[in-house]
Amino acid sequence: MEKVYTRKAPEAVGPYSQAIVSRNLVFTSGQLGIDENGKLGDGIISQTENALKNLTEVLLAAGTDLKNVVKTTCFLANIKDFSSFNEIYGKYFTEKPARSLIEASALPKGALVEIEAIAEIGKE
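(A) Spatial organisation of the environment of R23. Mapped onto the elements of the fold, R23 is located in the loop between strand 2 (19-22) and strand 3 (25-28). Placed 25 residues apart in sequence, R23 and T48 show a C-alpha to C-alpha distance of 29 Å.

(B) Representation of the environment of A77. Mapping A77 onto the fold places it in the loop between strand 5 (69-76) and helix 2 (82-92). Judged by relative accessible area, which is 25%, A77 ranks as partly exposed. Setting aside residues no more than four positions away along its own chain, A77 makes contact with E103, A104, L107, A111 and L112.

(C) Just the packing of aromatic side chains, in detail. Scanning the model with the defined rule gives 2 aromatic pairs in all. Here F85 and Y89 contribute two aromatic rings whose centre-to-centre distance is 5.4 Å and whose plane-to-plane angle is 35°, an arrangement assigned as tilted. Of the two residues, F85 and Y89 are both situated in helix 2; the distance of 4 residues between them amounts to about one turn of the helix. The same class applies to F85 as to Y89, namely buried. Between Y89 and F93 the ring centres are 4.6 Å apart and the planes differ by 35°, which places this aromatic pair in the tilted class. Of the two residues, Y89 and F93, both sit in the buried class. Among the aromatic residues, ring-to-ring pairing joins F85, Y89 and F93 into one connected group. Over the ring of Y89 we find R99; its NZ or CZ atom is 4.7 Å from the centre of that ring.

Criteria and cut-off values
Residues numbered from 1 in each chain as written. Predicted model: local features only at pLDDT ≥ 70, side-chain atom pairs only at ≥ 80, totals over all residues. Heavy atoms only, no water. Helix = DSSP H or I, 4+ residues; strand = E, 2+ residues; numbered from the N terminus. Buried < 20%, exposed > 50% of the residue type's maximum accessible area, 1.4 Å probe, protein only. Contact = heavy atoms within 4.5 Å. Phe/Tyr/Trp six-rings, centres within 6.5 Å; stacked < 30°, edge-to-face > 60°. Lys NZ or Arg CZ within 6 Å of the ring centre and 35° of its normal.

Following this line, the structure appears as structure tokens:
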């Protein structure tokens, strides 16, 4: 196993890695909607954009990208944000990987969204 780290995404907020590579798969930790200044975006659209940008950077550091994601797990602080979340998510995930999405009673740092992914490495 290999730990993945990039300065282009927020540091882990606990004792875990941004991602782990095992064989030809990368397993990312959940990415929050934190911007380059370490602040949460205002609202679900901004936070979803930031979370997906952070996820993209972690995947790139692991040697893959969004096109190679096979599964995401998404957490929303409020399921009423489902439509707004999907609008942004669909712009990033044009390949439509498998997905689970649940409402969480609370997310770290008071975030509105958290997204994690499993992706293949070495696929075109």
